[in-house]
Amino acid sequence: MLMTDERTHMLVLTGDAGIKNATEVATNLRQAIENHPAVAIDTRALSAADVTTVQSLLAARVSARAQGKELRLLAPLGGGAAGRAE
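Residues numbered from 1 in each chain as written. Predicted model: local features only at pLDDT ≥ 70, side-chain atom pairs only at ≥ 80, totals over all residues. Heavy atoms only, no water.

## Thoughts on the nonpolar core
Our working definition: Only buried residues count toward a nonpolar core, which is a set of Ala, Val, Leu, Ile, Met, Phe, Trp, Tyr and Cys residues joined through side-chain atoms within 4.5 Å. Summary of the burial criterion: residues with accessible area below 20% of their type's maximum are buried, those above 50% are exposed, and those between are partly exposed, where the area comes from a 1.4 Å probe applied to protein chains only. Strands are runs of DSSP state E lasting at least 2 residues, helices are runs of H or I lasting at least 4, and numbering of each runs from the N terminus.
Counting residues in each nonpolar core, the largest one holds 15 residues, and the members touching the most others are Leu 11, Leu 13, Leu 29, Val 39, Ile 41 and Leu 71. At the level of secondary structure, the elements contributing two or more residues to this core comprise β2 (9-16), α1 (22-35), β3 (38-48) and α2 (51-66). Per element, the largest residue contribution to this core is four residues, and it comes from α1.

Right under this line is the structure:
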């Protein structure tokens, strides 16, 4: 699910963001960074995450910085039920 405000594009990651959906997560991150100067990522609705999720987020942060853009997490990955790794 994607939501936008005036200054920052919000990318809401939902469901399983693990290895099974790694391509979709990476594509959503890449598109958000390409199309917006600032991106905030909301991970509170994740039902599953793993090392692939963390790798995708770190790669997206490197990509955003290289393009002079901002990428930030609204809350730490692993805070609450959404942070359960499988």
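## Some words on α2
For clarity, the cut-off: The span you would expect from a helix comes to 1.5 Å times its residue count less one. This arc describes the spread of directions from the helix axis toward the C-beta atoms. Only heavy atoms enter the contact rule, under which two residues are in contact if any of them lie within 4.5 Å. Pairs of N or O atoms are called polar contacts if they sit within 3.5 Å, as long as, within protein, a hydrogen donor faces a hydrogen acceptor (for residues adjacent in sequence, only side-chain-to-side-chain pairs).
The first and last C-alpha atoms of α2 sit 23 Å apart over 16 residues, in line with the 22 Å expected at 1.5 Å per residue. Residues of α2 that are buried include every one of Thr 52, Thr 53, Ser 56, Leu 57, Ala 60 and Ala 64, and no others. Across the axial projection of α2, the buried residues extend over an arc of 135°, all falling on one side. Turned more than 90 degrees off the buried face of α2, the exposed positions are Val 51, Val 62, Arg 65 and Ala 66. On the buried face of α2, the contacting elements are β2, α1, β3 and β4 (70-73). Its side-chain oxygen 2.9 Å from the backbone nitrogen of Thr 52, Asp 50 forms the N-cap of α2. Downstream of α2 by one or two residues, Gly 68 has phi in the positive range, about 70°.

This is a description of form; function is not addressed.
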